[in-house]
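# Coordinate inspection notes
Next come the chains, spelled out residue by residue.
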Amino acid sequence: MIVAIASGKGGTGKTTVATNLAQVATDQGFKVSYLDCDVEEPNGHIFLKPEIEKTTPVYVPVPVVDESKCTACGKCTEICQYSAIALLGKTVLTFPNLCHGCGGCMLVCPAGAINEAGREVGVVEQGRANGIQFVHGKLRIGEAMSPPLIRAVKKLADLSEVTIVDAPPGTSCPVIQSVRNADYVVLVTEPTPFGLNDLKLAVDMLRVLKLPFGVVVNRADIGDQAVFNYCENESIEVLLQIPDDRRIAEAYSRGHIIARILPECADFFISLMKRVICANLKSKRC
Amino acid sequence: MLVAITAQEPTLESRVDQRFGRARYLIVVDTETGETNVCNNEVNLNAAQGAGIQTAQNIAQLKVEAVVTGHVGPNAFRALSAVGIKVYKASDNTVAEAIDGLNEGKLTSLDCADVEGHWE
């Protein structure tokens with residue numbers, strides 16, 4: 001099964017939940033893949049410390065126009081939703097950094113004047129970490145187009161029993177790309193007005209995508225009751241509450257997997273594993 | 001000659017819109033006859049990306065020889081250059097003042113983009 005860890009607000013603890021859940025599930029005997037899809041700033045490797053075995057560049061197809069064949073009909077510019085190809089007089093100009101690589105311009109060109117070239121958007125790195133199959137994407141600095149790289153990261157999920165997807169924050173295209181084929185989504189939030197506002201956005205997104213989800217409240221004893229009231233009113237399951245504990249913050253700041261350092265944290269993530277993974281897989285190991 | 005001026009309102013008394021790609025209106029002026037024609041560019045106002053390119057493409061179809069605006073980013077400048085449209089800068093002027101300035105040769109032309117994309 002695929003479990004995506006997402007959040008509306010950044011900095012709520014997605015990577016903490018994703019890496020710890022991956023580690024406890026591995027320690028309980030599951031075959032686990034961890035995919036860091038937050039390719040703009042991946043940080044799962046800081047905690048899982050993988051040995052990278054393979055690095056693969058990822059390209060998006062961009063159009064190259066053969067001027068000798070182009071009839072300046074403008075069909076390519078009409079289909080492009082991103083203004084990555086434009087007709088100026090009789091000249092077709094391309095803007096590769098705006099191109100999403102959909103290939104539409106090549107399909108509609110009646111003169112067969114558009115060919116495909118590759119533009120590197122980043123790399124995918126694969127390795128192993130404490131028994132976990134580890135994959136992350138690193139977006140090229142200055143690059144704005146992350147979904148094709150996220151797609152490449154997700155393609156490398158092997159057929160593990162459990163695939164943990166660490167999604168970027170927010171509700172935009174990169175997040176949709178990260179969570180879209182998940183069997184279950186864990187939304188991490190904090191009990192503050194910011195946490196609540198962005199949780200609502202994320203909930204609205206998942207309801208449109210029709211994905212089942214539950215909420216983890218991190219630093220659950222700060223802030224106010226509004227997140228809990230919201231979840232109750234909306235019949236959203238609160239899967240886990242992680243306390244605001246200085247020992248957790250210290251272990252995190254040193255790049256440790258907190259479930260390995262603090263026994264009560266191991267219990268938190270085992271309970272999360274049971275509610276999310278075991279309940280779905282109906283595994284005898286739980 | 002035909003000139004396109006970016007404008008906040010569809011009148012000659014309007015301020016020149018300092019944004020090229022996301023200008024609300026394009027006012028096309030024939031500098032010989034004084035004849036004007038207003039084009040609505042609002043569709044590009046909320047474009048996710050590529051507003052400057054789209055606006056340049058629209059302007060190219062208007063067969064103008066020059067553009068008067070505040071600032072032009074690199075993609076828009078490349079697109080305008082491809083069809084040989086000159087770019088003149090008008091800072092805090094009305095459209096009418098910009099036309100006078102152009103006729104009197106007081107506006108400076110740009111030979112490259114003067115701002116980054118998404119400069120605002």
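The structure under discussion appears in the preceding block.
First things first, this report covers the structure right here in the doc. Remember, it's a predicted structure, so these values are computed and weren't measured experimentally.

### Focus: the overall build of chain A
The helix and strand inventory of chain A stands at eleven helices and eleven strands. Counting only C-alpha atoms, chain A reaches 70 × 45 × 35 Å along its principal axes. Expressed as a percentage of its 286 residues, the buried residues of chain A come to 56%. In chain A, the proportion of contacts linking residues at least 24 apart, taken out of those at least 6 apart, comes to 73%. When the accessible area of chain A is evaluated, it comes to approximately 13,000 Å², of which 52% is carbon and sulfur surface. In chain A, the 29 positive side-chain charges and the 31 negative ones have mean positions that sit 5 Å from each other.

### Some thoughts on empty space enclosed by the protein
Residues and elements named next belong to chain A. All told, the structure shown has two cavities of 30 Å³ or more when counted by the stated rule. Its boundaries defined by the atoms lining it, the largest cavity holds a volume of some 120 Å³. Surrounding the largest cavity, 17 residues form its lining, C80, C99, C102, G103 and C105 being those nearest its centre. Listing elements by their share of the lining of the largest cavity, those giving two or more residues are β3 (51-65) and α4 (104-108). Broken down by class, the residue content of the lining of the largest cavity amounts to twelve nonpolar, five polar and no charged. By volume, the second largest cavity amounts to about 90 Å³. For the lining of the second largest cavity, a count of residues per class yields eleven nonpolar, two polar and one charged.

### A few points about the packing of helix α1 (residues 51-61) of chain B against helix α2 (residues 74-82) of chain B
All names here are of chain B. Two numbers describe how α1 lies on α2: the axes approach to 8 Å, and their chain directions differ by 20°. Between α1 and α2, the angle is such that the two are roughly parallel. Judged by the twist between their axes, the crossing of α1 over α2 is right-handed. The segment α1 lies against α2, with G52, I53, A56 and I59 engaging N75, A76, A79 and L80. Of the residues contributing to the contact of α1 with α2, the split by class is six nonpolar, two polar and no charged.

### Looking at the interface of chain A and chain B
Across the boundary between the two partners, chain A contributes 14 residues, which contact twelve residues of chain B. Taking both partners together, chain A and chain B bury about 1,100 Å²; carbon and sulfur atoms supply 56% of that area. It is S83(A), L88(A) and F95(A) that lose the most area in chain A upon contact with chain B, and together they represent 44% of the buried surface on that side. For the pair chain A and chain B, the number of links is zero salt bridges. The tally of links between chain A and chain B comes to six residue pairs in polar contact (both at pLDDT 80 or more). Every element with two or more residues in the side of chain A that touches chain B is listed here: β4 (85-88) and β5 (91-94) of chain A. Classifying every residue of the side of chain A that touches chain B gives eight nonpolar, six polar and no charged.

### Considering the packing of aromatic side chains
Evaluated as defined, the whole model comprises two aromatic pairs over all chains. For the cation-ring pair, R78(B) lies above F95(A), with the distance from its terminal atom to the ring centre recorded as 4.6 Å.

### What about the packing of helix α1 (residues 14-27) of chain A against helix α11 (residues 263-281) of chain A?
All names here are of chain A. Taken N-terminus to C-terminus, the directions of α1 and α11 make an angle of 80°; their axes are 9 Å apart at the nearest point. Considering their axes alone, α1 and α11 lie roughly perpendicular with respect to each other. Across the interface between the two elements, T16, V17, N20, L21, V24 and A25 from α1 touch A266, F269, I270, L272, M273 and I277 from α11. Here the contact of α1 with α11 is built from residues that sort into ten nonpolar, two polar and no charged.

Cut-off values and rules
Residues numbered from 1 in each chain as written. Chains lettered and ligands numbered in written order. Predicted model: local features only at pLDDT ≥ 70, side-chain atom pairs only at ≥ 80, totals over all residues. Heavy atoms only, no water. Helix = DSSP H or I, 4+ residues; strand = E, 2+ residues; numbered from the N terminus. Buried < 20%, exposed > 50% of the residue type's maximum accessible area, 1.4 Å probe, protein only. Contact = heavy atoms within 4.5 Å. Areas by Shrake-Rupley, 256 points an atom, 1.4 Å probe, with all protein chains shown as cover. Lys, Arg positive; Asp, Glu negative; His and termini not counted. Charge placed at Lys NZ, Arg CZ, Asp CG, Glu CD. 1 Å grid on protein atoms, 1.4 Å probe; cavity = no way out; pocket = protein on both sides within 12 Å on 5 of 7 lines; lining within 4 Å. Points joined across faces, edges and corners; volume = space filled by probe spheres on them. Nonpolar A, V, L, I, M, F, W, Y, C, P; charged D, E, K, R; others polar. Axes fitted to C-alpha atoms, helices over the stretch in contact; angles between N-to-C directions. Parallel < 35°, antiparallel > 145°, perpendicular 65-115°, else oblique. Left-handed = near helix turned anticlockwise from the far one by under 90°. Buried area = accessible area lost by both parts, 1.4 Å probe. Salt bridge = Lys/Arg side-chain N within 4 Å of Asp/Glu carboxyl O. Polar contact = N/O pair within 3.5 Å; in protein donor to acceptor, adjacent residues only side chain to side chain. Phe/Tyr/Trp six-rings, centres within 6.5 Å; stacked < 30°, edge-to-face > 60°. Lys NZ or Arg CZ within 6 Å of the ring centre and 35° of its normal.

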